[in-house]
Amino acid sequence: MIEPRYRWQFPEAIAIDSGLQAAAERHSLDERVAGLLARRGLLDGAAFDSFFASPLDSLHDPRLLPDADVFADRIGHARAAGERILVFGDFDADGLTGLAILTITFRRLGIEAIPYVPSRLDEGHGLSRAAVAAAREAGATVIVTVDCGTTSLPEIAEAQALGIDVLVTDHHRVPAELPNAVAIVNPQRPDSRYPERRLAGSGVAFKLAQLLLADEPDGPEAALALTDLATIGSVADVVPILGETRAIVQLGLERLRAEPRPGIVALLASAGVAAAAIDMETIGFALAPRINAAGRVGEALVAARLLLAEDAAEANALAAELEAANLSRRDMTKQAVGEARTSIAVLVDGVETPPPDAPATIARGPWPVGIVGLVASRLVEEMGRPAVVGAELGPVIRASCRSDGSLDLGAALEACADLFIRFGGHAGAAGFEIATERWPAFVERFTALAAVAAPRDPRTAVSIDLALPASAIDYSLHRSLARLAPCGAGNPEPVVAVLGLVVTRSREVSGGHTQLTLKRRLDILDGIAFGRSDLATTVSEGDLVDVVGRLTSRRFGGFESLQLEIRDVATSGTHREAAVILGLPEATDAAAGAVAIAGALA
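What counts and what doesn't
Residues numbered from 1 in each chain as written. Predicted model: local features only at pLDDT ≥ 70, side-chain atom pairs only at ≥ 80, totals over all residues. Heavy atoms only, no water. Helix = DSSP H or I, 4+ residues; strand = E, 2+ residues; numbered from the N terminus. Rg over C-alpha atoms; globule rule 2.2 N^0.38 Å. Buried < 20%, exposed > 50% of the residue type's maximum accessible area, 1.4 Å probe, protein only. Contact = heavy atoms within 4.5 Å. Areas by Shrake-Rupley, 256 points an atom, 1.4 Å probe, with all protein chains shown as cover. Lys, Arg positive; Asp, Glu negative; His and termini not counted. Charge placed at Lys NZ, Arg CZ, Asp CG, Glu CD. Salt bridge = Lys/Arg side-chain N within 4 Å of Asp/Glu carboxyl O. Pairing = 2+ DSSP bridges. Axes fitted to C-alpha atoms, helices over the stretch in contact; angles between N-to-C directions. Expected span 1.5 Å × (residues − 1). Bend = angle between axes of the 7 residues up to and from the residue. Polar contact = N/O pair within 3.5 Å; in protein donor to acceptor, adjacent residues only side chain to side chain. Core = buried A, V, L, I, M, F, W, Y, C linked by side-chain atoms within 4.5 Å.

Things to note about the overall build of the protein chain
Secondary structure assignment for the protein chain yields 22 helices and 18 strands. By the compact-globule yardstick of 25 Å for 602 residues, the protein chain fits well, its C-alpha radius of gyration being 26 Å. Within the protein chain, the fraction of its 602 residues that count as buried is 51%. Counting contacts in the protein chain only where the partners sit at least 6 residues apart, residues at least 24 apart contribute 67% of the total. Carbon and sulfur atoms provide 52% of the accessible area of the protein chain, an area that totals close to 25400 Å². Counting 55 positive and 78 negative side-chain charges, the protein chain places the centres of these two groups 3 Å from one another.

Below, the structure written as structure tokens:
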């Protein structure tokens, strides 16, 4: 019997009423995909219409953002008075792209804008005192933060004492006490009237660019040209690709493919990707890591200069620096992941780190601050539970957290707030700084919080969007699924369970993958399981299987054929839900189930 590696979560049945049916027909959408969208929360015709609307029609009025008018007035005054503005952007891809958006916007308005990116190690997240000092030294009378600042109370107070106005633009959680900034443009504010609360930091920056350029000659078009940067930041920050962010990403992908700016052209050349081929995967795995690399192992200002570059030669030189930093980041991350695994194994019976079957993975070590988030992400992938990885910095530990989806990290850190020097983040990713002596207390409390949220089945869950008999997989379904793009957080690539297939060939291919040839009644489906070399030995010719994966297609010799990118395999009928969908009685054992399915497929 072929045991699945993952915990399969089958979709709940949902009724398609006449209104949803009419909306599906209006958008020429396969009824099965209409049901998928309904399960994702699109419950009426208006929601369907909004999802499939033109992206330009899905952009909201930036004047609805909290403090938008105050922000615009202060920038207008700076423009009229010839003031300098220091643009402070966080050192990750979201903050860097947002910094570039506002720097470009201010310069288009004739304002002298000074980009400033903090050192991850020396300054950490949020507006820093070093930046305030740099603004004073440069003669800047305004600081505009990007992707941060909502929690920077003492730093903003210090800037005000020096006669420097601070305008905060951010998208993170709002604390009980807000800083005394001139403006706090954050759609998360409880008094916000803005229709979209889930914008990335770069998304907020883009909306402010729209606001400031609205009445300038060719200003609206110039603002839309910045959607490429907002797209990179949004994808890198893993915000939901829904609502207005989905519209921004649609527009940004078009821009990236058609007219990439010099810095993006140079990054694509480093990654070996053609502009016309840019997709969400390109952004997530080629562009964003290279932009992030400088801040992880060097100074992120290099990445900011690249995004602002107007000359190809300069962009190529800066891209080469980022490529070197990215290679260094890969090596350092690989080493740190190995050391983290070892530390967890060594401390199984210790106080600080929970054992391997605990609800969370927690590790600390002498690793660079810039890579602990990457290490945490890798541990989540490997162990299927939340991870916290701390960088030891003598008297303090600076840690990054990543979730597997079972635990809201933002809420969990709120529950540990009394232990931290500072903290922040989202449900899926967060971070904090803590005095070293308080680390054991954090481990105990965080582990208890993770235990409450942990699922009973320790296997990583794979959420199935559609579960269908093999005979129901067709080109109509594939075309409808493709219309859900661009996919990402909040709107993930659809996962399909294809039930009742006969394996006619199973073999390992180079790169640690397994290739499967799968037969249904009249034809075959080719399948590839990336990174699953184990399937070549556990799946054999003649096996009756159900598979979970992504439905794709390929063209070869002028012919199109459906393909399956397989994530997991199980003996057909193993799951009760699969047996029901196939119209089979629940089998008392695997052998009986195999006989029943074989008869049904004959």
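Brief notes about the environment of S128
In this structure, S128 sits in the loop between β3 (112-116) and α6 (129-138). Measuring from C-alpha to C-alpha, the distance between S128 and G424 comes to 15 Å, with 296 residues separating the pair along the chain.

Focus: the pattern of salt bridges
The full count for this structure, using the stated rule, is 30 salt bridges. Between E216 and R79 there is a salt bridge, with its nearest N and O atoms 2.9 Å apart. Here E216, found in the loop between α8 (201-213) and α9 (219-224), pairs with R79, found in helix α4 (residues 68-81); they are 137 residues apart in sequence, far enough to count as distant. Residue classification places E216 among the partly exposed residues on the basis of a relative accessible area of 23%. R532 is the partner of D568 in a salt bridge, and the nearest nitrogen-oxygen pair spans 3.3 Å. Of the two residues, D568 sits in strand β18 (residues 559-571) while R532 sits in the loop between β16 (524-529) and α20 (535-538), which places them 36 residues apart along the sequence. Like D568, the residue R532 is buried in the burial classification. Three or more residues are tied together by salt bridges with common partners; here these are R5, R532, D534 and D568.

Observations concerning the sheet that holds β3
Spatially, 5 strands are ordered β3-β2-β4-β5-β6 in an open sheet, and the strand pairing comes out parallel. On the outer flanks of this sheet lie β3 and β6 (183-185), each paired with one strand and no other. Neighbour-to-neighbour, the strand axes of this sheet turn through a mean angle of 20°, independent of strand direction.

Overview of helix α13 (residues 280-297)
Spanning 18 residues, α13 covers 25 Å between terminal C-alpha atoms, matching the ideal 26 Å at 1.5 Å per step. At P289, α13 shows its strongest bend, of approximately 40°. Extensive coverage of α13 is indicated by the burial of 14 of its 18 residues. Put simply, D279 is the residue that caps the front of α13, since its side-chain oxygen is 3.1 Å from the backbone nitrogen of E281.

Notes on the nonpolar core
Of all hydrophobic cores here, the largest spans 72 residues; its most connected members are F71, I75, I85, F106 and V144. At 8 residues, α8 tops the list of elements feeding residues into this core. Formed by 41 residues, the second largest nonpolar core is a distinct cluster that contains I2, C487, V503 and I566.

A look at the side chain of N186
As for its position among the elements, N186 is in the loop between β6 and α8. For N186, a relative accessible area of 0% translates into the label buried. Dropping the residues within four chain positions of it, N186 is found in contact with P66, T150, D170, H171, H172, V174 and S192.

Coordinates in, geometry out; function isn't part of it.
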